[in-house]
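Observations on the three-dimensional arrangement
The chain contents come next:
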Amino acid sequence: MTEKYAVVVIGGGAAGLSAALVLGRARHPTLVVDAGEPRNAPAAHMQGYLTRDGMPPAEFLALAREEIARYGVELVRDRVVEEVTRGEDFTEVQGRAFTEAQDEDFTVAPGEDFTVMLAGGRTVRARRLVVATGLKDELPEVAGVAERFGRDVLHCPFCHGWEVRDQPFGVLASSPASVHQALMVSQWSKDVRFFLHTVAEEELSDEDLRRLAAAGVEVVPGEVAGLVVEDDRLTGVRLADGTTHARSVLFTAPRAVPQTGLLERLGAELHDTPSGAYPVVDATGLTTVPGVWAAGNAIGFAEQVVHAASGGYRAASAIVGDLLMSDLDAAAQV
């Protein structure tokens, strides 16, 4: 038999669990489908979240799961497979322009829903969806980088800068845009070397070079061959020519790969950004598909845990109002 929920939340990170908490407290039967692959899993701690600064991400998620369970929210360790399909009643509103949907009082009758198939064999139906599938990080293919990512190979100075402050930093360029990262991390250490790796020095603008010099960042040309690790600690960066630079921290910018396959299959409009294609959403996270909201890294690369939780809250509160107005309008027509 097909199980029915008011809302199915796809993704059990900060965004999805925050949305589930609000929906559970609003007494809406909610299912969270969690594949168990959080983006920040490699990190030992998360920072910048008021009252949770320094908490291990796994502990944060465990506490969040306990909280949503108090309000009857069900969480299943599974993933969505096949296509999510809409009920026939969505046909008319699906054809409306996004701007129209924003300008009018858009409602969906209670009989309109989504059918969601899970890898474990369950089929569930929901009146609304929250897509919080996040993104995946693709790291530069340099020996040792993936193994030490989240430890002494880092990507976000706001997340880790304080903990590694004043140590010798390296920045591994993945594109000319990595100049920005090299400049940013110079606020946490005055000993920064910018390894151009596969980026040619000619690709840097005169303004880039002036700013790097002003920040005291040393530019190191040449391809990086690997990392030097001693006693399970990063101690250096080795170039292809054999030279080694003593460093204890290496920053690099992974390539963000948005997990937008589900949204694309649903027909959501995407927009291109320097870090990939993400769904077009309004201020609450509503996509161009009526009844489908997105939150967290599903809508952008720079959504930290605190932003993701906020986005999930906004989406859920909008859904609570949307469901209420839909039910009231349906009752008024009886």
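For the structure given in this document, a descriptive report is provided here. (Residues numbered from 1 in each chain as written. Predicted model: local features only at pLDDT ≥ 70, side-chain atom pairs only at ≥ 80, totals over all residues. Heavy atoms only, no water.)

1. Considering the sheet that holds strand 8 (residues 153-154)
Here is the rule we go by: Whether two strands pair comes down to DSSP finding at least two bridges between them. In this description a helix means any DSSP run of H or I spanning at least four residues, a strand means any run of E spanning at least two, and both kinds are numbered starting from the N terminus. Two residues qualify as a contact provided that any one of their heavy atoms is within 4.5 Å of a heavy atom in the partner residue. Axis definition: a line fitted to C-alpha atoms, over the contacting stretch in the case of helices. Angles run 0 to 180 degrees between N-to-C directions.
Pairing is parallel in the open sheet, where five strands are placed in the order 8-15-9-10-11. Both edges of this open sheet fall to strand 8 and strand 11 (218-220), since each of them pairs with a single strand only. Where strand 9 (residues 169-172) meets strand 15 (residues 249-252), four bridges bridge the pair, whose relative direction is parallel. Along strand 15, the bridge assignment pairs leucine 172 with threonine 252. Helix 7 (residues 178-185) contacts strand 9, strand 10 (192-195) and strand 15 of the sheet and is inclined by roughly 165° relative to strand 9.

2. Quick word on the packing of aromatic side chains
Put simply, the rule is: Only rings of Phe, Tyr and Trp enter the pairing, Trp through its six-membered ring, and a pair is recorded when the two centres are within 6.5 Å. The plane angle decides the type: under 30 degrees is stacked, over 60 is edge-to-face, the rest tilted. Only protein chains enter the accessibility calculation, which uses a 1.4 Å probe; a residue is then buried when its area is under 20% of its type maximum, exposed when over 50%, and partly exposed in between. By definition, being over a ring means that NZ of Lys or CZ of Arg is both within 6 Å of the ring centre and within 35 degrees of the ring normal.
Within this structure, the stated rule accounts for three aromatic pairs. Here the aromatic rings of phenylalanine 158 and tryptophan 188 are separated by 5.7 Å at their centres, their planes lie at 85°, and the arrangement is edge-to-face. You can see phenylalanine 158 sitting in helix 6 (residues 157-160) and its partner tryptophan 188 sitting in the loop between helix 7 and strand 10, a full 30 residues away along the chain. On the basis of relative accessibility, which here comes to 58%, the residue phenylalanine 158 falls in the exposed class. In this arrangement the basic side chain of arginine 165 is found over the ring face of tryptophan 162, its NZ or CZ atom lying 3.9 Å from the centre.

3. Observations concerning the nonpolar core
The criterion, for reference: By nonpolar core we mean a set of buried residues, namely Ala, Val, Leu, Ile, Met, Phe, Trp, Tyr and Cys, connected to one another through side-chain atoms within 4.5 Å.
Ranked by internal contacts, the top residues of the largest apolar core, which has 28 residues, are Val7, Val32 and Ile319. Listing elements by their share of this core, those giving two or more residues are strand 1 (3-10), helix 1 (14-25), helix 2 (57-69) and helix 10 (305-332). The dominant element in this core, judged by the number of residues it contributes, is helix 1, at seven residues. Among all residues touching isoleucine 319, those that are not within four sequence positions of it are Val7, Leu23, Arg128, Leu129, Val130 and Trp293. In terms of nonpolar packing, the next biggest core, distinct from the first, is built from 22 residues, Val84, Val124, Ala126 and Val289 among them.

4. Some words on the side chain of threonine 288
Put simply, the rule reads: Two N or O atoms count as a polar contact when they lie within 3.5 Å, although within protein this holds only if one can serve as hydrogen donor and the other as acceptor, and sequence-adjacent residues are included solely when both atoms are side-chain atoms.
Looking at the secondary structure, you find threonine 288 in the loop between strand 18 (276-279) and strand 19 (292-294). Here glutamate 269 takes part through its backbone nitrogen, which lies 2.8 Å from a polar atom of the side chain of threonine 288.

5. Let's talk about the sheet that holds strand 14 (residues 244-246)
Strand pairing in a sheet takes place through backbone hydrogen bonds and is either antiparallel or parallel in direction. As summarised here, the arrangement of the three strands in space is 12-13-14, forming an open sheet in which the pairing is antiparallel. Lying at the two open borders of the sheet, with one neighbouring strand each, are strand 12 (224-230) and strand 14. The sheet shows a mean angle of 30° between the axes of neighbouring strands, taken without regard to direction. Here strand 12 runs beside strand 13 (residues 233-239); their pairing, made up of six bridges, is antiparallel. Within the sheet, the bridge partner assigned to glutamate 230 lies in strand 13 and is arginine 233.

6. Topic: a nonpolar patch on the surface
Our working rule: A patch is a set of surface residues, each over 30% in relative accessible area and not in a salt bridge, joined within 9 Å for like charges and within 5 Å for the nonpolar side chains Val, Leu, Ile, Met, Phe, Trp and Tyr. Note on areas: Shrake-Rupley with a 1.4 Å probe; residue coverage comes only from the protein chains shown. In the sections that follow, a salt bridge refers to a side-chain nitrogen of Lys or Arg positioned within 4 Å of a carboxyl oxygen of Asp or Glu.
A cluster of nonpolar side chains, namely Leu324, Met325 and Leu328, defines an oily patch on the protein surface of about 280 Å² accessible area. Its place among the elements puts leucine 328 in helix 10. Judged by relative accessible area, leucine 328 falls into the partly exposed class, the value being 46%.

The values reported here are purely geometric and, on their own, carry no functional implication.
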